[in-house]
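Next come the chains, spelled out residue by residue.
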Amino acid sequence: MTKDLHSRYGGWALVTGASSGIGEAFAEALAARGFPLVLVARRRDRLEALAKRLANAHGVETLVVVEDLSERGACERVRAAVGDREIGLLVNNAGFGFSGRFPENDPDVDEQMIALNCTAVVRMTHLFLRPMLAKKRGGVIVVASVAGYQATPWFAIYGATKAFDLMFAESLWCELRGSGVDVLALSPGETRTEFHERAHAKRQFAGMTSASVVATALASLGRRPSVVPGLKNKILTIASKLVPRRFAIHVTAAVLARRTLVTTSSELRGRPWR
């Protein structure tokens, strides 16, 4: 199915958080499959460099839209910038996380995290889904996380936002069956991106490449409601369902406490995220 994605969904692909990591890998993979691209993120220099590279390598048209999707009205500004271009595939990838003890974290940063990881996903999907339904074709990918499969002490807000993303995408998959629009929840585990630096967290192991995560997602779109890339990540998500929740919380807390580098998110103010 991955070889004929463009003929299946048509139009342009829109990728949020496209300036690095999994979003950049999505842009590269979709350009290779012939999609013209709308690239959305905060960092203009990275987006423009990516757009130029993809145009030269694959001959695809690109549109760069610089927006912070956590801001009120940003999703609507993206929609206006897209104009009458048909969006055949929407990749809701933009997001960030933070590690620390909840009572000591900055509530403004937590609010930004919820706005970007949850509210923007819902608004972007609302804005671009209805035209897909009218044409009876399209695809929506929501990047969740293995963190959404269990409670995540020390990453409490991040894990909660990713549980929201996971449940939202799986529910939407069911609602839209037979409509011609495919929906997929993608739940990566450890991935070689800038996430850990921005979340002020330690890596536990090398993790998967962004390209391999994206390849799994594109191979799964239209075939299942959700996918967890990587055998180790699949085992972790299954194991969390097989043990008592209280036990799972304690185990996860012990693991994540060793990964936390800071106890307050105040220094995150103004830092870029994917």
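Residues numbered from 1 in each chain as written. Predicted model: local features only at pLDDT ≥ 70, side-chain atom pairs only at ≥ 80, totals over all residues. Heavy atoms only, no water.

A. Inspection of the sheet that holds strand β1 (residues 12-16) at higher detail. In spatial order, the strands read β3-β2-β1-β4-β5-β6-β7; together these seven strands make up an open sheet with parallel pairing. Each of the sheet's edge strands pairs with one partner strand only, and the pair in question is β3 (62-66) and β7 (226-227). Examined bridge by bridge, strand β2 (residues 37-41) and β3 share five bridges and lie parallel to one another. Bridging from a neighbouring strand, Val38 pairs with Leu63 of β3. Along the sheet, helix α3 (residues 44-58) makes contact with β2 and β3, crossing β3 at roughly 175°. Across the face of the sheet, helix α5 (residues 107-135) comes into contact with β1, β4 (87-92), β5 (138-143) and β6 (181-186) while running at roughly 160° to β4. (Pairing = 2+ DSSP bridges. Helix = DSSP H or I, 4+ residues; strand = E, 2+ residues; numbered from the N terminus. Contact = heavy atoms within 4.5 Å. Axes fitted to C-alpha atoms, helices over the stretch in contact; angles between N-to-C directions.)

B. Looking closely at a nonpolar patch on the surface. A contiguous nonpolar surface patch, about 470 Å² in accessible area, is contributed by Ile238, Leu242, Val243, Phe247 and Val251. Of all the secondary structure elements, the ones that give two or more residues to the nonpolar patch are α9 (231-242) and α10 (245-257). Mapped onto the secondary structure, Phe247 falls in helix α10. (Patch = residues over 30% accessible without salt bridge, like charges linked within 9 Å, V, L, I, M, F, W, Y side chains within 5 Å. Areas by Shrake-Rupley, 256 points an atom, 1.4 Å probe, with all protein chains shown as cover. Salt bridge = Lys/Arg side-chain N within 4 Å of Asp/Glu carboxyl O.)

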